[in-house]
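Residues per chain, in single letters:
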Amino acid sequence: MTLVVLGMVLAACGGNGEGDGSASGDGGETYNWKFVTEEIDGQVQYEYAEEFAKRMNEKTDGAVNIDVYEFGGLGSETDQVEQLQSGTVEMAVMSPGFTGNMVKEGQLFALHFLFPDSVETTQQILNDSEALNTDLRELYEEHSISPLSYWTEGAMQWTSSRAISEPADFEGLKMRTQTSPLILESYKAYGADPQSMSWGELYTGLDQGTVEGQENPIFFIGDASFHEVQDYMTISNHNNYVAMTTVNTDWYEGLDEEMQSTIDETVEEMQDWVFEEQKKQNEEYLEVIKNDTENPTEIIELNEEQRNAFREKAAPVRDFYREEVSTVNGEILDKLLEEIDSSGQ
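Figured I'd write up the structure that's included with this text. (Residues numbered from 1 in each chain as written. Predicted model: local features only at pLDDT ≥ 70, side-chain atom pairs only at ≥ 80, totals over all residues. Heavy atoms only, no water.)

**Looking at the overall build of the chain**
Inclusion rule: Numbering of helices and strands runs from the N terminus; a helix is a DSSP stretch of H or I covering at least four residues, while a strand is a stretch of E covering at least two. Our radius of gyration is a C-alpha quantity, and the globule rule it is checked against amounts to 2.2 Å times the number of residues to the power 0.38. Remark: exposure states derive from per-residue accessible area (1.4 Å probe, protein chains only) relative to the maximum for the residue type, with buried under 20%, exposed over 50%, and partly exposed in between. In what follows, residue pairs with any heavy atoms lying within 4.5 Å of each other are defined as contacts. All accessibility values rest on the Shrake-Rupley procedure with a 1.4 Å probe; residue burial counts only the protein chains present in the view.
Scanning the chain from terminus to terminus reveals 13 helices and eleven strands. What you see for the chain is a C-alpha radius of gyration of 21 Å, in line with the 20 Å of a compact globule of 345 residues. Across its three principal directions, the C-alpha atoms of the chain cover 75 × 45 × 35 Å. Residues counted as buried form 51% of the 345 residues belonging to the chain. Long-range pairs, those at least 24 residues apart, make up 73% of the contacts in the chain between residues at least 6 apart in sequence. On the chain, roughly 15100 Å² of surface is accessible, and the fraction owed to carbon and sulfur atoms is 44%.

**So, helix α12 (residues 316-325)**
The condition is simple: The reported arc concerns the directions from the helix axis to the C-beta atoms and nothing else.
All of the buried residues in α12 are Val317, Tyr321 and Val325. Taken end-on, α12 shows its buried residues confined to a sector of 60°, consistent with a single buried face. Residues of α12 that are buried sit in contact with α6 (181-188), α11 (304-314) and α13 (331-342).

**Some thoughts on the environment of His238**
Here His238 lies in the loop between β9 (232-235) and β10 (240-248). Classification of His238 as buried rests on a relative accessible area of 1%. Considered as a pair, His238 and Met156 are 82 residues apart in the sequence and their alpha carbons are 6.2 Å apart. Leaving out residues up to four positions away in the same chain, His238 has contacts with His112, Phe113, Met156, Gln157, Trp158, Tyr187 and Glu215.

**Digging into unusual backbone geometry**
Backbone geometry at Phe113 places phi at a positive 60°, although glycine is not the residue there. Its location among the elements puts Phe113 in the loop between β4 (91-94) and α4 (119-128). Relative accessible area serves as the criterion here: at 10%, Phe113 is assigned to the buried category. Its identity is not glycine, yet Ser225 carries a phi of approximately 65°, on the positive side. Tracing the backbone through its elements, the reader meets Ser225 in the loop between α8 (218-223) and β9.

**With respect to helix α3 (residues 77-86)**
Listed in full, the buried residues belonging to α3 are Glu77, Gln80, Val81, Gln83 and Leu84. Angular distribution of buried residues about the axis of α3 spans 165°; they occupy a single face of the element. Every exposed residue of α3 that faces more than 90 degrees away from the buried side is listed here: Glu82 and Ser86. Along its buried surface, α3 packs onto β2 (28-36), β4, β5 (145-160) and β10. The positive-phi residue at the C-terminal boundary of α3 is Gly87, with phi of around 85°.

**Structural notes on the environment of Ala315**
Note that Ala315 resides in the loop between α11 and α12. Overall, Ala315 belongs to the partly exposed group, its relative accessible area being 41%. Taking the C-alpha atoms as reference, Ala315 lies 9.2 Å from Ala189; in sequence the two are 126 residues apart.

**Observations regarding the nonpolar core**
In plain terms, the rule: Among buried residues, the Ala, Val, Leu, Ile, Met, Phe, Trp, Tyr and Cys ones that are joined through side-chain atoms within 4.5 Å form a nonpolar core.
Ranked by internal contacts, the top residues of the largest apolar core, which has 47 residues, are Leu108, Phe109, Leu114, Trp158, Phe170 and Leu336. Counting residues in each nonpolar core, the second largest holds 43 residues, with Phe71, Val93, Val229 and Ile263 among its members.

**Regarding the packing of α12 against α13**
The condition is simple: Under this scheme, a helix contributes an axis fitted over its contacting stretch, all axes are lines through C-alpha atoms, and angles between N-to-C directions fall in the 0 to 180 degree range. Working definition: roughly parallel below 35 degrees, roughly antiparallel above 145 degrees, roughly perpendicular at 65 to 115 degrees, and oblique for all remaining angles. Three residue categories are used. Nonpolar comprises Ala, Val, Leu, Ile, Met, Phe, Trp, Tyr, Cys and Pro, charged comprises Asp, Glu, Lys and Arg, and polar comprises the others, including Gly.
Look at α12 against α13: their axes get within 9 Å of each other, and the N-to-C directions meet at 140°. Comparing the axis directions of α12 and α13 gives the class oblique. Only Leu333, Asp334 and Leu337 of α13 make contact with α12, whose side of the interface consists of Arg318, Tyr321 and Arg322. Partitioned by chemical class, the residues of the contact of α12 with α13 number three nonpolar, no polar and three charged.

**So, the pairing of β4**
The test is simple: If DSSP finds at least two bridges between two strands, the strands pair.
Both faces of β4 are covered, namely the face carrying Met91 and Val93 and the face carrying Ala92 and Met94. As defined by bridge partners, β4 adjoins β10 across four bridges and the pair is classed as antiparallel. From the neighbouring strand, Val93 faces β10, where its bridge partner is Thr245.

**Considering the packing of aromatic side chains**
Heads up, the rule is: For Phe, Tyr and Trp, rings pair up if their centres lie within 6.5 Å, where Trp contributes its six-membered ring, and each pair is then called stacked (planes under 30 degrees apart), edge-to-face (over 60) or tilted (otherwise).
Under the criterion given, the structure shown has 19 aromatic pairs. Linked through ring pairs, Phe71, Trp199, Phe219, Phe220 and Phe226 together constitute an aromatic cluster.

**A closer look at the pairing of β2**
Spelled out, the test is: When the strands point away from the viewer and the connection leading from the first strand across the helix to the second strand turns clockwise, the crossover is called right-handed.
Taken together, the six bridges between β2 and strand β3 (residues 64-69) define a ladder with parallel strand orientation. Bridge pairing in β3 places Asn32 opposite Asn65. A crossover connection joins β2 to the parallel β3 through helix α2 (residues 44-59); in handedness this β-α-β unit is right-handed. The pairing of β2 with β4 spans two bridges and is parallel. Note on β4: the bridge partner recorded for Val36 is Ala92.

Laid out in structure tokens, this is it:
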């Protein structure tokens, strides 16, 4: 009886997988991992995870099987962060905006007009930055999260219930944000009334007027139909939506070197793939929004003089970051700024 019970326990725990999601069968060792995203089927993060899973399966001759979960499949954005930390899931695409209270330095992605106007140059900086891929990664790993890469989902734009073409237009606007304190500060600088809210509640919030504006890349605005309940979309390019490909640190470090190398190789390959995917989706959804005659949205494209007015208001938030947010006196931000300057943009 004892042996039978012990056998059942071992089977339930994945046999000899030792917590890495692996199990042994007649065909050799197999791996079964969970990969959560903050978006739904068809959107950039989900498509990224599906392509990643496909490539890993092919490279390992079917040994690695990755179940991809869309937003809501395993809870909210903050639930997913906790699941990755605990090892309940092995992999996640997550936004630094939802980890800002945990890793203070990650809030630097909320700084407006930080990255170059060129999305291509921004992606190159994300690929190569030592400030992000070494220094910031080390801070995340203190919380059992290892960012393996950073990538843009495209330039951020504003939608709103009133026209926005200058900072004064934000005065008193109930602006939905992620939970990062620095994002809240960024919109307070424009005079807005920022309110954090999960994107799962956002369409209803905009429709009912609980919030009056939000920011996202164009593909997300279009696919989530936010433009249907907003009168205006401002092409501001005030920021980039940066996502991270992350893994549970202990799980990743417990894999053998060959498997780690296969993951790293695939992560690197996916940088070019996801850049083209976000570009395609953002271009396609801009046309969708423009041509939606049933739910017309007035599109306001800011000129450089108008963007400079917002840039001026946003600049002091960097000092707020250094003095009130950063735990290393802004050293990672300053290093990143040097890297951006050396990009020539």
